[in-house]
Amino acid sequence: MLQSHQNNNLPMSQPTPPPHQVPKAILYWNPSSVWSTVPRLALLEKGYNESDVILKEVDISKGDNFSPSYLRINQHGTIPTLVVPVLETTSDDMETRYRSFKDTMSILTFLDSSRTSASNSHASPSSQARPAPTLSPATMEGKTLSDALTLSVHLSSADPNFLLLSARTSHELVLKEAGFPGRWIKMRQEALLRFTDLLEEGSQGRIFLQKKLDANSILFDIYYSPSGPETEARRKVFFAASQKAWSVGVVEVLKTLEEEMVGVYALGDQVSLADLHLIAWLARVVFLSQGGPTSAGLDALERQIAGHGAGGPTDQASLKVGPKVKAFWNSWIGRDSFKSVYVNGLH
Ligand SMILES: N[C@@H](CCC(=O)N[C@@H](CS)C(=O)NCC(=O)O)C(=O)O
């Protein structure tokens, strides 16, 4: 059972309540969200059982992450969020309290430390029991490298969610308008307008939503304003920003990974926390390049960077995916956790 140990002074003999009385951890997520994939991979790699965590889907495509009820869970309006019952309050006479982890890094640290090598993992009757691996780096040096690699894929210059909405040419914009990115921008706009109205003037939540609305309105105008000199000027800036995200942002991340990764995985020959961030990001950029979960996925990524993706020709940038990134990708696409989270294709 996944719980947060708040009070270290609890007597060792504290009886554990029967399972039906113990509140469960909840992971707020969405199957097509790039960053939700990170804790899902962690749950699988660590060997948590399905019954350890309740998965609650947040429909970000409809902007449900901006609802007042979700903002009470995570004021940043992002997924994933992991909410964990605090152990000391599970007795009958106390109200349950919860601790929230509101970003991928803190969620992973918690999931890793909550299931140690002494815990049984992969404990379903059909699978062989083996100890849960420790995914946190064992040394200071490893931690520094792990943090740097993790941060590299979270940089705004290579933001996988901006890449999803980006368009480098008018042709690509037309394709995206008609597809999921366009629908997402529209539905977020509607949700943000609706939820902003529900919140009190001057409240933190309303100020937050107003900022999100301002940012989404810029995208909404780029996607949907009728053509005219002003719209075209704004689109030109957007195409340039999109181009830069691929030819500089993505390229820089791939170069960093190639230079800094130690082995087949980020820190060597064993999977560690950083890998879970890196593979979720890489799977997203391959997906956006029309590649699949095969070795050839990286060829599609090279074509996309060179401007020969589905969006039609753009200014050239060129990058050959290096041997380390190739080995990393090829190793991950064969892992059970990867196959499980991408069972319906990359996202
Ligand atoms: N830094 C955060 C980023 C989380 C994030 O941006 N999640 C995306 C989904 S992959 C999200 O919730 N976006 C909300 C939105 O802007 O609509 C983390 O590491 O958890």
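From a predicted model like this one, the values you see are computed outputs, not experimental measurements. (Residues numbered from 1 in each chain as written. Predicted model: local features only at pLDDT ≥ 70, side-chain atom pairs only at ≥ 80, totals over all residues. Heavy atoms only, no water.)

Asker: I tried to follow the nonpolar core on my own but got confused; where do I start?
Answerer: Soluble globular proteins tend to pack their nonpolar side chains together in the buried interior. If you look at the biggest cluster of nonpolar residues, it comprises 81 residues, and the most contacted ones within it are Leu82, Trp281, Leu282 and Trp329. Beyond its immediate sequence surroundings of up to four residues, leucine 82 is in contact with Ala25, Ile26, Leu27, Val53, Arg99, Ser100, Phe101, Ile107, Phe110 and Leu111. One finds Leu71, Ala191, Leu192 and Leu213 within the second-largest nonpolar core, a separate group that totals eight residues. (Core = buried A, V, L, I, M, F, W, Y, C linked by side-chain atoms within 4.5 Å. Buried < 20%, exposed > 50% of the residue type's maximum accessible area, 1.4 Å probe, protein only. Contact = heavy atoms within 4.5 Å.)

Asker: How do you make sense of the packing of helix H3 (residues 104-114) against helix H10 (residues 273-288) when you look at a structure like this?
Answerer: When two helices pack together, their arrangement is given by the angle between the helix axes and by the axis-to-axis distance. For the pair H3 and H10, the least separation of the axes is 10 Å and the interaxial angle reads 140 degrees. When the axes of H3 and H10 are compared, the pair comes out oblique. The element H3 and its partner H10 pack so that their crossing is right-handed. Counted together, Thr104, Met105, Leu108 and Asp112 of H3 and Leu273, Leu276 and His277 of H10 form the full contact between these two elements. (Axes fitted to C-alpha atoms, helices over the stretch in contact; angles between N-to-C directions. Helix = DSSP H or I, 4+ residues; strand = E, 2+ residues; numbered from the N terminus. Parallel < 35°, antiparallel > 145°, perpendicular 65-115°, else oblique. Left-handed = near helix turned anticlockwise from the far one by under 90°.)

Asker: Would you explain the packing of aromatic side chains in this entry?
Answerer: Aromatic ring pairs are reported here in terms of the distance separating the ring centres and the angle at which the planes meet. Inspection of every chain in the model, using the stated rule, returns twelve aromatic pairs. Ring geometry for phenylalanine 220 versus tyrosine 224: centroids 5.3 Å apart, planes at 50 degrees, classification tilted. In this pair, phenylalanine 220 and tyrosine 224 both sit in helix H8 (residues 204-224), four residues apart, roughly one turn of the helix. Aromatic ring contacts, followed pair by pair, group Phe162, Phe220, Tyr223, Tyr224 and Phe238 into a single cluster. The aromatic ring of tyrosine 48 is capped on one face by arginine 115, whose charged end is 5.3 Å from the ring centroid. The ring centre of phenylalanine 195 lies 4.7 Å from the NZ or CZ of arginine 194, which sits over that ring. (Phe/Tyr/Trp six-rings, centres within 6.5 Å; stacked < 30°, edge-to-face > 60°. Lys NZ or Arg CZ within 6 Å of the ring centre and 35° of its normal.)

Asker: Could you clarify how one ought to interpret the site of the ligand in this entry?
Answerer: Around the ligand sit 15 residues, and of these Asn65, Thr78, Ile79, Thr104 and Arg188 come closest. Contact between the ligand and isoleucine 79: a nitrogen atom at 2.8 Å from a main-chain N or O atom of the residue. With respect to the ligand, the side chain of threonine 104 contributes an N or O atom lying 2.5 Å from an oxygen atom. Burial of the ligand by the protein amounts to 82% of the accessible area it has alone, namely 520 Å². Taken together, the residues of the shell around the ligand sort by class into six nonpolar, seven polar and two charged. (Near = heavy atom within 4 Å. Polar contact = N/O pair within 3.5 Å; in protein donor to acceptor, adjacent residues only side chain to side chain. Areas by Shrake-Rupley, 256 points an atom, 1.4 Å probe, with all protein chains shown as cover. Nonpolar A, V, L, I, M, F, W, Y, C, P; charged D, E, K, R; others polar.)

Asker: What is the right way to read the pairing of strand E1 (residues 25-29) from this model?
Answerer: Two faces, one strand: in a regular strand the side chains alternate between the faces of the sheet. In terms of burial, E1 is a largely internal element, five of the five residues being buried. Where burial is concerned, the two faces of E1 agree: the one with Ala25, Leu27 and Trp29 and the one with Ile26 and Tyr28 are both buried. With helix H1 (residues 37-46) bridging E1 and its parallel neighbour strand E2 (residues 53-57), the resulting β-α-β unit is right-handed. Examined bridge by bridge, E1 and strand E3 (residues 81-85) share three bridges and lie antiparallel to one another. The residue of E3 that forms the bridge with isoleucine 26 is valine 83. (Right-handed = clockwise from strand over helix to strand, strands pointing away. Pairing = 2+ DSSP bridges.)

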